[in-house]
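This is what each chain is made of:
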Amino acid sequence: MSEPPAVAPRRRGARAAGPIATAALALLGAGLAMELWKANLGVPLRYTQIDDTKFYFMLVKGILEHGWYLTNGDLGAPFGQQIYDFPQGADNLNFLVIKLLGLFSSNWALVTNLFFLLTFPLTGLAAYYALRRLDVSRAASTVAAVLFALLPYHFYRHESQVLLSAYYSVPLSSYLFISLVSGRPLFARDADRSPGVGRGVPGRAVATIVTCVVVGSAGLYYAGFALVLLAAGMIVAGLGGRGRRAIRTGLAVCLVIGATLTLNLVPSIVYGSEHGKNTQIVRTPIESQQLGLRLANLVLPVLGDRIPGLGKVSGKYAAATSPGYCESCNASLGVVGAGGFLLLCLVGLAALVGVGVAGGPGDGGESWQGRFRPAALGVGVAFGIGTVGGLSALIAYFVTPDLRGWNRLSLFIAFFSLLAVGMVLDGARDRLRARADARAAGAAPGSRRAGWRAAVGWGALLVVVLVLGATDETSNFYLVSYSAAAREYDSDQALGRQIEGVLPRGSSILELPYVPFPEGYHVAGIPTTPFSGFATSYELLRPYLNTTGLKFSFAAVKGRPADWEAGLSTEPLNVAVAAASAAGFSGIYVDPRGYGPQASRVEAWLRQLTGVAPLVSTLKNAWFFDLRPYSRRLRAAVAPAVVSRLRQSTLHPKLATCGPGPAELELTNPGSRPAAAVLSATLQNSLPGHVKVVVALPDGATEHLTVGSDLVTVLERRLVLAPGRSKVTFSTIATQKRKQGPAVNLAVGDAVLSDPALAPIARFGAIAGRTPPPAGLIAPSCSIQYEATVPPL
């Protein structure tokens, strides 16, 4: 009676050892790779880079201060930020973890750092769980899971895309796929009940449902990829003779994931149905190819590989083939993962040509090969979907272009490849044990030397694979400068404290230059500004991140009425400053990097207009001007009725944006009465020579313009706009006789609606004989590019 209690704790300890070792090694490996002993966790690990990092800092701070991320009254002043159009709800599980971390600290930098570091053990544990469910031994599962958590992808994403760093749902999705195609039961009644599960409820079904809920709540990309893979797996399993059972299981799994994903996105779905689609936040099919998966990037060494001779290979290849932004260049599987990948490719090739692979110990070749086939199928399906020109191109064109980063399917390929590595390690263990048993059979009774040699040999093999793989994957290429991050963060913090000392709590601050939110200036998915370093940045979030109790104009979602500052982007600074003053703003924050070589002109003009010297950050990369003295002068010099009209025109501007059609501009008059506005735009065509363009205006009038490819044609027309939305359409006609109408790529860009109500204020603060720079960088409207066939005469 005393024996079972003594055995049970030992078994529980053995079960716990694997997960504990996996989590600890994943965190230790991450800490060593990132040299965390040099960092201060109270300061952002990544701050100096101009990328998406500060967008995620914004989400974290919003959750800590406002309870959730969907609305933020401190951004998009004076209306506040509503981020429903840029859905993040598929990451609700990650946001819940962040909120729980926020119970222990209100420091957004610390909470973000802790969440990022937590993604390493979480990913390792999820991979360990999936590998164990797929019958890989505990020790081999630990090795493969740690290598999966330390992929170069993880360090590349870092805090720049911290939610993508939380890819712990990928092993769970991969497990569902393998189970589906190999006929493993996912919902069948199980003899073992999970603790707390009610009578009659199968534990396996509960585990599957929980797994699906996690997948549907831990990232839009990963959930979307899982659905596509499972749909493909369901088809393959059905065709492979598993019939209705496989189809029913696949449908059930996809239904639970899809329902969970939909529930998480309900706020954005409801908002979109009530307010209409935001045509300014769009994806295009070409982006799915620009961000597609490439075979070479999977098998080439990691960028900056530590192994001598391999460090520069990928860098040279990337420079030669992808001189611009190359997300897929960071999809390397590492030397161990690449070995597993090549093995699965051979297994898949052998299956295609009907050739068996040499078997393992005690197994026929076909059974050994069969163990690897589901993983090989997973690699083939994932690569066939995600590769440039693969199924992803058809999905982007015919279904949705929103899942554009198909290179991220490399994570699924990495898991399948490391699953193969785990099975190979177990095969090596079985061979060593078989040899040890054979030797022990001829040895003296009681001799255990052969068994110990086998155990030591297998342990050494595990250590070699783990150390080799981790050393190869954790390249110094992905190290960030903690000291530089701390310097810039401290500089912003100091300026933030100065601003808080000048302005009372609740004051609003205009931010310059105008940058659309989210994703900055884009044309057809490509970052576009005169100064490329500022193209897609979220640098104007810096003052928000480093102050408390102040409100900022930046980060109102573009394409919505709250983005009133878009109407000022092309106005001269004296008009923009007057408009901001009339709208109730108390200060102006400027990021001079946004103006490039014009920065000195901007500073001189703002000094002249406001009459005050700016507060300047320690690193001189941010300025703050107190606008209140200027506001007092403005109200003393201008009639209250004019200031009131200016405020109304500023906060409810008339805008020209992309229309839903391929050759349309959409004009918006937010007022309840007809209003005057001046439409200006540029036109250019790709056809040699000239083409006539017919512009159909909202008032029924038409304008004929001759547009050439050598010079830009300017359209300028005074309009009276009815309340609501109206359209301007473009069409082409031939200018000479042709047998066949050639295609013309007509670009309509820089479309702006100017408000005459702003004209009277333009003289206030102006400097005679000088033209002030604009408040923004370029016109916020997108460029319309479409192919129009010129009809023959």
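S.K.: Tell me what's going on with the overall build of the chain, and back it up with residues and numbers.
M.R.: Tallying secondary structure elements over the chain gives 25 helices and 18 strands in all. Looking at the chain residue by residue over its 793 residues, the buried ones come to 53%. Considering only contacts within the chain whose residues lie at least 6 apart along the sequence, 78% involve residues at least 24 apart. Counting every atom, the chain has about 33500 Å² of accessible surface; 60% of that belongs to carbon and sulfur.

S.K.: Account for the environment of Leu118, naming residues and giving values.
M.R.: Structurally, Leu118 is set in helix α4 (residues 108-133). Residue Leu118 is classed as partly exposed on the basis of its relative accessible area, which comes to 31%. Separated by 47 residues in the primary sequence, Leu118 and Ser165 place their C-alpha atoms 9.9 Å from one another.

S.K.: Let's hear about the packing of α4 against helix α8 (residues 169-182): which residues, and what values?
M.R.: The interhelical angle for the contact between α4 and α8, taken along N-to-C directions, is 15°, at an axis separation of 7 Å. In this view, α4 runs roughly parallel relative to α8, as classed from their interaxial angle. Note that α4 runs across α8; the crossing there is right-handed. Contact residues: Thr123, Ala126, Ala127, Tyr129, Ala130 and Arg133 in α4; Pro171, Leu172 and Tyr175 in α8. Of the residues in the contact of α4 with α8, the class split is seven nonpolar, one polar and one charged.

S.K.: I'd like to hear about the sheet that holds strand β3 (residues 508-512), residue by residue, with values.
M.R.: Read across the sheet, five strands follow the order β6-β3-β7-β9-β8 without closing on themselves; strand pairing throughout is mixed. Edge strands, defined here as strands with exactly one partner in the open sheet, are β6 (551-552) and β8 (615-616). Pairing of strand β7 (residues 587-590) with strand β9 (residues 623-626) involves four bridges; the strand directions are antiparallel. Looking at β9, one finds that Val590 is bridged to Trp623.

S.K.: Report on the packing of helix α2 (residues 53-66) against α4, specifying residues and quantitative values.
M.R.: α4 packs onto α2 with a crossing angle of 115° between their chain directions and a minimal axis gap of 9 Å. By the angle between their directions, the pair α2 and α4 is classed as roughly perpendicular. Note on packing geometry: the crossing formed by α2 with α4 is right-handed. Residues Phe57, Val60, Lys61 and Leu64 of α2 lie in contact with α4, whose contacting residues are Trp108, Val111 and Thr112. In terms of residue class, the contact of α2 with α4 is built from five nonpolar, one polar and one charged.

S.K.: Outline the pairing of β3, supporting the account with residue identities and numerical values.
M.R.: The buried count for β3 comes to five of five residues, which makes it a mostly enclosed element. Of the two faces of β3, the one lined by Ser508, Leu510 and Leu512 and the one lined by Ile509 and Glu511 are each fully buried. One ladder, built from two bridges, connects β3 with β6; its direction is parallel. Residue pairing in the sheet places Ser508 in a bridge with Lys551 of β6. Two strands pair when backbone bridges link them, and β3 and β7 are joined in this way by four bridges, in the parallel orientation. Along β7, the bridge assignment pairs Leu510 with Ile588.

S.K.: Tell me about the packing of aromatic side chains, residues and numbers included.
M.R.: By the definition in use, this model includes 26 aromatic pairs. Geometrically, the ring pair formed by Phe116 and Phe120 is edge-to-face, given 5.4 Å between the ring centres and 75° between the ring planes. Here the residue Phe116 and the residue Phe120 both occupy positions in helix α4, the gap between them amounting to four residues, near one helical turn. Owing to a relative accessible area of 0%, Phe116 belongs among the buried residues under this scheme. Taking 5.6 Å as the distance between ring centres and 90° as the angle between the ring planes, the aromatic pair formed by Tyr153 and Tyr167 counts as edge-to-face. Of this pair, Tyr153 sits in helix α6 (residues 152-157) while Tyr167 sits in the loop between α7 (162-165) and α8; the two residues are 14 residues apart in sequence, bridging distant segments of the chain. For Tyr167, a relative accessible area of 0% corresponds to the buried category. The rings of Phe55, Tyr56, Phe86, Phe517, Tyr538 and Phe554 are connected pair by pair, giving a single aromatic cluster. Across from the ring centre of Tyr544, 4.1 Å away, lies the NZ or CZ of Lys61, which sits over that ring.

S.K.: Outline the pattern of salt bridges, listing residues and values.
M.R.: This structure, assessed with the given rule, holds 19 salt bridges. The salt bridge involving Arg184 is made with Asp135; its shortest N-O contact spans 2.7 Å. Of the two residues, Arg184 is situated in the loop between α8 and α9 (203-215) and Asp135 in the loop between α4 and α5 (138-149); the sequence distance between them amounts to 49 residues.

What counts, and at which threshold
Residues numbered from 1 in each chain as written. Predicted model: local features only at pLDDT ≥ 70, side-chain atom pairs only at ≥ 80, totals over all residues. Heavy atoms only, no water. Helix = DSSP H or I, 4+ residues; strand = E, 2+ residues; numbered from the N terminus. Buried < 20%, exposed > 50% of the residue type's maximum accessible area, 1.4 Å probe, protein only. Contact = heavy atoms within 4.5 Å. Areas by Shrake-Rupley, 256 points an atom, 1.4 Å probe, with all protein chains shown as cover. Axes fitted to C-alpha atoms, helices over the stretch in contact; angles between N-to-C directions. Parallel < 35°, antiparallel > 145°, perpendicular 65-115°, else oblique. Left-handed = near helix turned anticlockwise from the far one by under 90°. Nonpolar A, V, L, I, M, F, W, Y, C, P; charged D, E, K, R; others polar. Pairing = 2+ DSSP bridges. Phe/Tyr/Trp six-rings, centres within 6.5 Å; stacked < 30°, edge-to-face > 60°. Lys NZ or Arg CZ within 6 Å of the ring centre and 35° of its normal. Salt bridge = Lys/Arg side-chain N within 4 Å of Asp/Glu carboxyl O.

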